[in-house]
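Observations on the model geometry
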Amino acid sequence: MLGMGSALETLCGQAVGAGQLNMLGVYMQRSWIITGVTALILTPIYVLTSPILKGLRQDHEIAEMAGKFAIWVIPELFAYAVNFPIQKFLQSQSKVWVMTIISGVGLGFHVFLNWVFVTRLGYGLAGAAIAGNISWWLINLAQFIYVICGFFPESWTGFSLSAFHSLAAFVKLSLASAVMLCLELWYYTAVIILVGCLKNPKVAVDAISYGKMLIECCFHQFMQPVW
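Residues numbered from 1 in each chain as written. Predicted model: local features only at pLDDT ≥ 70, side-chain atom pairs only at ≥ 80, totals over all residues. Heavy atoms only, no water.

1. With respect to a nonpolar patch on the surface
Nonpolar side chains collect at one region of the surface, where Phe109, Phe112, Trp115, Leu121, Tyr123, Ile130, Ile134, Leu138, Leu141 and Ile145 lie side by side and expose about 890 Å² of accessible area between them. Sorting the residues of the nonpolar patch by element identifies helix 7 (96–120) and helix 8 (124–148) as the ones contributing at least two each. With five residues, the single largest contributor to the nonpolar patch is helix 8. Mapped onto the elements of the fold, phenylalanine 109 is located in helix 7. (Patch = residues over 30% accessible without salt bridge, like charges linked within 9 Å, V, L, I, M, F, W, Y side chains within 5 Å. Areas by Shrake-Rupley, 256 points an atom, 1.4 Å probe, with all protein chains shown as cover. Salt bridge = Lys/Arg side-chain N within 4 Å of Asp/Glu carboxyl O. Helix = DSSP H or I, 4+ residues; strand = E, 2+ residues; numbered from the N terminus.)

2. Notes on the UniProt feature "transmembrane region" (unreviewed entry) in the chain
The positions that UniProt labels "transmembrane region" (unreviewed entry) are, in the present scheme, residues 32–53, 65–84, 96–118, 130–153 and 173–198. Secondary structure across residues 32–53 divides into 95% helix and 0% strand, with the first and last C-alpha atoms of the span separated by 30 Å. For residues 65–84, the end-to-end C-alpha separation is 28 Å, with 95% helix and 0% strand making up the annotated structure. (UniProt positions renumbered as here; feature names shortened; annotations may be inferred.)

3. Here we look at the side chain of glutamine 143
Along the chain, glutamine 143 turns up in helix 8. Those residues in contact with glutamine 143 that sit more than four places away from it in its chain are Asn83, Ile86, Leu90, Met99 and Ile102. (Contact = heavy atoms within 4.5 Å.)

4. Brief notes about the packing of aromatic side chains
Counted by the stated rule, this structure contains eleven aromatic pairs. With centroids separated by 6.3 Å and ring planes inclined at 80 degrees, the aromatic side chains of phenylalanine 144 and tryptophan 156 adopt a geometry described as edge-to-face. With a gap of twelve residues between them, phenylalanine 144 in helix 8 and tryptophan 156 in the loop between helix 8 and helix 9 (167–195) connect regions that are remote in the sequence. Exposure remark for phenylalanine 144: the relative accessible area of 23% places this residue in the partly exposed category. Members of the aromatic cluster, connected to one another through ring pairs, are Trp32, Phe144, Trp156 and Phe159. (Phe/Tyr/Trp six-rings, centres within 6.5 Å; stacked < 30°, edge-to-face > 60°. Buried < 20%, exposed > 50% of the residue type's maximum accessible area, 1.4 Å probe, protein only.)

5. Observations regarding the packing of helix 6 (residues 74–91) against helix 8
Where helix 6 meets helix 8, the closest approach of the two axes is 9 Å, and the angle between their N-to-C directions is 30 degrees. Classified by the angle their axes make, helix 6 and helix 8 are roughly parallel. Where helix 6 crosses over helix 8, the two elements pack in a sense that is left-handed. Where helix 6 abuts helix 8, its residues Pro75, Glu76, Phe78, Ala79, Tyr80, Val82, Asn83, Ile86, Phe89 and Leu90 lie against Ala129, Gly132, Asn133, Trp136, Trp137, Ile139, Asn140, Gln143, Phe144, Tyr146 and Val147. Across the contact of helix 6 with helix 8, the residue classes break down as 15 nonpolar, five polar and one charged. (Axes fitted to C-alpha atoms, helices over the stretch in contact; angles between N-to-C directions. Parallel < 35°, antiparallel > 145°, perpendicular 65-115°, else oblique. Left-handed = near helix turned anticlockwise from the far one by under 90°. Nonpolar A, V, L, I, M, F, W, Y, C, P; charged D, E, K, R; others polar.)

Pasting the structure below:
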């Protein structure tokens with residue numbers, strides 16, 4: 001998802017540099033189409049996570065739990081599809097502090113939701129997935145309201161059919177970026193699959209997954225460019 005939306009980063013920078021602010025909203029909508037379709041394509045993989053992992057000879061219990069969690073977080077997959085283009089739209093216009101405030105409030109609400117669903121109600125992984133789904137969509141809603149409430153009269157002029165033009169070129173640029181990012185990030189996933197074949201895979205997978213999570217958090221937090 002990150003890769004398929006990364007073309008927007010380049011195009012938004014070019015549009016701002018050329019003074020074509022009116023194209024930012026069109027590019028964001030065009031990216032929504034691409035990332036939304038990508039989320040639809042990825043959905044069957046989420047649904048079939050458990051049999052796929054079993055086919056890769058992963059621990060049966062881990063595969064079952066991962067499969068259930070993957071299904072629960074499908075709404076979050078589509079939240080990513082909406083969120084990434086909005087991020088680039090706001091970053092290209094130096095609205096980083098607004099994003100930070102919205103994310104900070106979202107984080108606080110996410111902690112509260114985890115306490116309610118996981119600790120208080122005892123829903124376990126299902127509760128964690130529900131909390132994540134709600135938090136991401138609330139962040140999306142807050143950012144979208146900020147975009148359409150008149151703060152961007154030049155760059156947001158409403159929904160446009162122009163978003164459906166030149167999709168092939170947009171997809172081509174997105175695929176090139178996606179391949180580069182996937183090669184950079186997927187090798188951690190390959191390591192997790194490999195350690196899942198070791199003795200006592202629960203401990204090994206837990207340890208390596210935690211390390212992967214920390215690395216990805218750092219990547220998303222610090223490696224995203226700010227215009």
